[in-house]
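Letter by letter, the chains look like this.
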Amino acid sequence: DTEVTQTPKHLVMGMTNKKSLKCEQHMGHRAMYWYKQKAKKPPELMFVYSYEKLSINESVPSRFSPECPNSSLLNLHLHALQPEDSALYLCASSQNLDRGEKLFFGSGTQLSVL
Amino acid sequence: QKEVEQNSGPLSVPEGAIASLNCTYSDRVSQSFFWYRQYSGKSPELIMSIYSNGDKEDGRFTAQLNKASQYVSLLIRDSQPSDSATYLCAVPGAGNMLTFGGGTRLMVKP
C-alpha cells in the first residue's frame, strides 16, 4: 500500500471561516509533509514533521497551523485565510528522504478562498 | 541554497517520438534523484528514481544520471498523448526535504 489519503478533495471557504485539511498514511512513514502548489508552479514546502515533531516550518503565516496527532495522521488547520491562499494543498510522506527513500503524495485538496 | 533547474517548455513532440527532459542540480553531494509526472489539477506521481551514474530503464521510461556533470534526464520512448503532463525533477536536501525543479510541460501531439 503506497497510499496517502487526503480529505476533502475540494474546499471553498470564506476569509472568516475555520477549516481543517486531513491526511492519513499507513505505510509506517516517519516523515509527513504539507506542500502548497499554485497553478503552473512546482510544489512549495510548508511544513515537515519527523517522528511526530515539527522539524521544518518554511516561514508559513500563522493562519496555517499544522498538527500531527500521531504517526499516521497530519492535519492543517486554516483560519482567516486570504484569497491568495487559494491553491492545491498536498500532503506527502516518506520513510527517510535523507537516505534516498521516496516521497509519496496524496491526491491533494483544491482550496478556494473567497 | 540547493537549486534544481529545468526548462519550463512546453516541449512538443509528435506521437511515437522520443521525448527528452533535462534537469541540472547544484548540490554535488546529492545521491538520489526523482522524476514526478503531474497532470493538470492532479498531484505529482513518482515515475522514476535513480541513484547511480548511468541509465535506469522502466518500460518506456529511461532515467540517465551523470553526477560529474550534475545532470539527470528522463527519456520517454514511443511518446503517447497520455504522456502530456508536467514533469518535475526532484532532489533531496538536508532536513528530510525534497527540492523540486520548476517542471517541464510536455505536449505529445497525435
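The paragraphs below set out a description of the structure included in this document. Because the structure is a prediction, the values reported are computed rather than measured.

Helices and strands together make up the secondary structure of chain B, namely zero helices and eleven strands. For 110 residues, the compact-globule estimate of 2.2 N^0.38 gives 13 Å, and the C-alpha radius of gyration of chain B, at 13 Å, lies within 12% of that figure. Counting only C-alpha atoms, chain B reaches 40 × 30 × 20 Å along its principal axes. Sorting the 110 residues of chain B into buried and exposed places 46% on the buried side. Surface exposure of chain B reaches about 5100 Å², of which carbon and sulfur atoms provide 48%. A distance of 3 Å separates the average location of the 10 positive side-chain charges in chain B from that of its 10 negative side-chain charges.

Considering only enclosed or pocket space, the largest pocket measures out at about 550 Å³ in volume. Ala39, Lys40 and Lys41 of chain A together with Ser40 and Thr86 of chain B are, among the 24 residues lining the largest pocket, the residues nearest its centre. Looking at the lining of the largest pocket, the elements that each hand over two or more residues are strand S9 (85–93) and strand S11 (104–109) of chain B. The biggest single contributor to the lining of the largest pocket is S9 of chain B, with three residues. Across the lining of the largest pocket, the residue classes break down as eight nonpolar, eleven polar and five charged.

At the interface, 21 residues of chain B touch 23 residues of chain A. Of all residues in chain B, Asn96, Met97 and Phe100 of chain B bury the most surface against chain A, accounting for 34% of the area lost on that side. At the junction of chain B and chain A, the tally comes to zero salt bridges. At the level of secondary structure, the elements contributing two or more residues to the side of chain B that touches chain A comprise strand S4 (33–38), strand S5 (45–50), S9 and strand S10 (97–100) of chain B. Partitioning the side of chain B that touches chain A into residue classes produces eleven nonpolar, nine polar and one charged.

For the rest of this paragraph, the subject is the state of the cysteines. Applying the stated rule across the entire model yields two disulfides over all chains. The disulfide partner of Cys23 of chain A is Cys91 of chain A, and the gap between their sulfur atoms is 1.8 Å. Between Cys23 of chain A and Cys91 of chain A the disulfide shows an S-S torsion of about -70°. By sign, it is left-handed. In this pair, Cys23 of chain A is assigned in strand S3 (residues 18–25) and Cys91 of chain A in strand S9 (residues 87–94), connecting sequence segments 68 residues apart. Here Cys23 of chain B engages in a disulfide with Cys89 of chain B; their sulfurs sit 2.1 Å apart. As the torsion about the S-S bond is roughly -70°, the Cys23 of chain B-Cys89 of chain B disulfide counts as left-handed. Taken as a pair, Cys23 of chain B in strand S3 (residues 19–25) and Cys89 of chain B in strand S9 lie far apart in primary sequence, 66 residues in all. Of the two residues, Cys23 of chain B and Cys89 of chain B, both sit in the buried class. Here Cys68 of chain A is not cross-linked by a disulfide; its sulfur's nearest cysteine counterpart is in Cys91 of chain A, at 9.3 Å.

Each value, and the rule that gives it
- Residues numbered from 1 in each chain as written.
- Chains lettered and ligands numbered in written order.
- Predicted model: local features only at pLDDT ≥ 70, side-chain atom pairs only at ≥ 80, totals over all residues.
- Heavy atoms only, no water.
- Helix = DSSP H or I, 4+ residues; strand = E, 2+ residues; numbered from the N terminus.
- Rg over C-alpha atoms; globule rule 2.2 N^0.38 Å.
- Buried < 20%, exposed > 50% of the residue type's maximum accessible area, 1.4 Å probe, protein only.
- Areas by Shrake-Rupley, 256 points an atom, 1.4 Å probe, with all protein chains shown as cover.
- Lys, Arg positive; Asp, Glu negative; His and termini not counted.
- Charge placed at Lys NZ, Arg CZ, Asp CG, Glu CD.
- 1 Å grid on protein atoms, 1.4 Å probe; cavity = no way out; pocket = protein on both sides within 12 Å on 5 of 7 lines; lining within 4 Å.
- Points joined across faces, edges and corners; volume = space filled by probe spheres on them.
- Nonpolar A, V, L, I, M, F, W, Y, C, P; charged D, E, K, R; others polar.
- Contact = heavy atoms within 4.5 Å.
- Buried area = accessible area lost by both parts, 1.4 Å probe.
- Salt bridge = Lys/Arg side-chain N within 4 Å of Asp/Glu carboxyl O.
- Disulfide = S-S within 2.5 Å.

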